[in-house]
Amino acid sequence: MNNLTAREKRLIAIGLLFAAVLLVGFGIVMPIVSGFMDRAETRANLLRTYSSNDRLISAIPQWRAEANSLRGSSGQFAMTSPSAAAAAEILKARVIKLVASHGGEIKAAQEMQANTGFVKVRSDIQLSLIQLTDSLKDLQNQPPYIFIDSLTIAADQALETGHLTPMDVRLEISAPYIAPASR
């Protein structure tokens, strides 16, 4: 190895120097710079989270006011009743009164099994087409709002007679109810 010329010795020295610089750069400086960059990104994420949480916290009084105003309108969306049986009776009375006000005839109205927090009523009714549409329109537009689960129309007499006669209608409706203590 002593047979190297001065030029070769300089190239080897430059190569070793370059390798040492790369080793220092990638082994020491880059991890430090990378750590600073990671911490800066984490800090930016935390500042965004802090800002978002600050906006959420400052909106709490507005949400509380909205909740209080909605609490007052809960009667539009759920019947207030001490029990499911009482709520079902209220719903049956509503259907009977509505159909009678439009000139229809209630053949039967009975409570059915419903999900928790809901009551369900099935009614067998005899109505004309105009009475049916008016009854359904009034039923859907009066609070507490209800769900029409099923509507079956049988117009067998119209087929036999050839003209529009009262139809047999089976209407299944449900509505949510809440007990006064749970409000």
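Described in the following lines is the structure provided in the data block. (Residues numbered from 1 in each chain as written. Predicted model: local features only at pLDDT ≥ 70, side-chain atom pairs only at ≥ 80, totals over all residues. Heavy atoms only, no water.)

**So, the overall build of the protein**
Then, in step 1: A count of helices and strands for the protein gives five helices and five strands.
Then, in step 2: When its helices and strands are written in sequence order, the protein yields α-α-β-α-β-β-α-β-α-β.
Then, in step 3: When the backbone C-alpha atoms are referred to their principal axes, the protein occupies close to 125 × 45 × 25 Å.
Then, in step 4: Within the protein, buried positions represent 22% of all 183 residues.
Then, in step 5: For the protein, contacts bridging at least 24 residues in sequence account for 65% of all contacts bridging at least 6.
Then, in step 6: Summing over all exposed atoms, the protein offers an accessible surface of approximately 12,900 Å²; the carbon and sulfur share of this is 62%.
Then, in step 7: The distance from the centre of the 18 positive side-chain charges to the centre of the 16 negative ones in the protein is 18 Å. (Helix = DSSP H or I, 4+ residues; strand = E, 2+ residues; numbered from the N terminus. Buried < 20%, exposed > 50% of the residue type's maximum accessible area, 1.4 Å probe, protein only. Contact = heavy atoms within 4.5 Å. Areas by Shrake-Rupley, 256 points an atom, 1.4 Å probe, with all protein chains shown as cover. Lys, Arg positive; Asp, Glu negative; His and termini not counted. Charge placed at Lys NZ, Arg CZ, Asp CG, Glu CD.)

**Re empty space enclosed by the protein**
Then, in step 1: The full count for this structure, using the stated rule, is one cavity of 30 Å³ or more.
Then, in step 2: Taken as a whole, the largest cavity encloses approximately 60 Å³ of empty space.
Then, in step 3: Val95, Leu98, Val99, Ile125, Leu127, Leu132, Ser135, Leu136, Leu139 and Leu171 are the residues that line the largest cavity.
Then, in step 4: Those elements giving two or more residues to the lining of the largest cavity turn out to be α3 (84–101), β3 (118–127) and α4 (129–141).
Then, in step 5: Top element by residues in the lining of the largest cavity is α4. It accounts for four residues.
Then, in step 6: Grouping the amino acids of the lining of the largest cavity by side-chain chemistry returns nine nonpolar, one polar and no charged. (1 Å grid on protein atoms, 1.4 Å probe; cavity = no way out; pocket = protein on both sides within 12 Å on 5 of 7 lines; lining within 4 Å. Points joined across faces, edges and corners; volume = space filled by probe spheres on them. Nonpolar A, V, L, I, M, F, W, Y, C, P; charged D, E, K, R; others polar.)

**Here we look at unusual backbone geometry**
Then, in step 1: Going from Pro143 to Pro144, the amide bond is cis rather than trans, its omega being -5 degrees.
Then, in step 2: By the secondary structure assignment, Pro144 is in the loop between α4 and β4 (147–154).

**Describing the packing of helix α1 (residues 6–58) against helix α2 (residues 60–72)**
Then, in step 1: Put simply, α1 and α2 touch, their axes get as near as 4 Å, and they point 40 degrees apart. In terms of orientation, α1 and α2 fall into the oblique class. Across from Leu56, Ile57 and Ser58 in α1, the residues of α2 making contact are Ile60, Pro61 and Trp63. (Axes fitted to C-alpha atoms, helices over the stretch in contact; angles between N-to-C directions. Parallel < 35°, antiparallel > 145°, perpendicular 65-115°, else oblique.)

**Notes on the packing of aromatic side chains**
Then, in step 1: Applying the stated rule across the entire model yields one aromatic pair.
Then, in step 2: Looking at Arg39, its charged tip hangs above the ring of Phe36, at a distance of 5.1 Å from the centre. (Phe/Tyr/Trp six-rings, centres within 6.5 Å; stacked < 30°, edge-to-face > 60°. Lys NZ or Arg CZ within 6 Å of the ring centre and 35° of its normal.)

**Side note on the nonpolar core**
Then, in step 1: In terms of nonpolar packing, the biggest core is built from 21 residues, with Met79, Leu91, Val119, Ile125 and Ile173 touching the most fellow members.
Then, in step 2: Contributions of two or more residues to this core are made by α3, β3, α4 and β5 (167–178).
Then, in step 3: Setting aside anything within four residues of it in sequence, one finds Met79 in contact with Ala87, Ile90, Leu91, Val119, Pro144, Ala175, Pro176, Tyr177 and Ile178. (Core = buried A, V, L, I, M, F, W, Y, C linked by side-chain atoms within 4.5 Å.)

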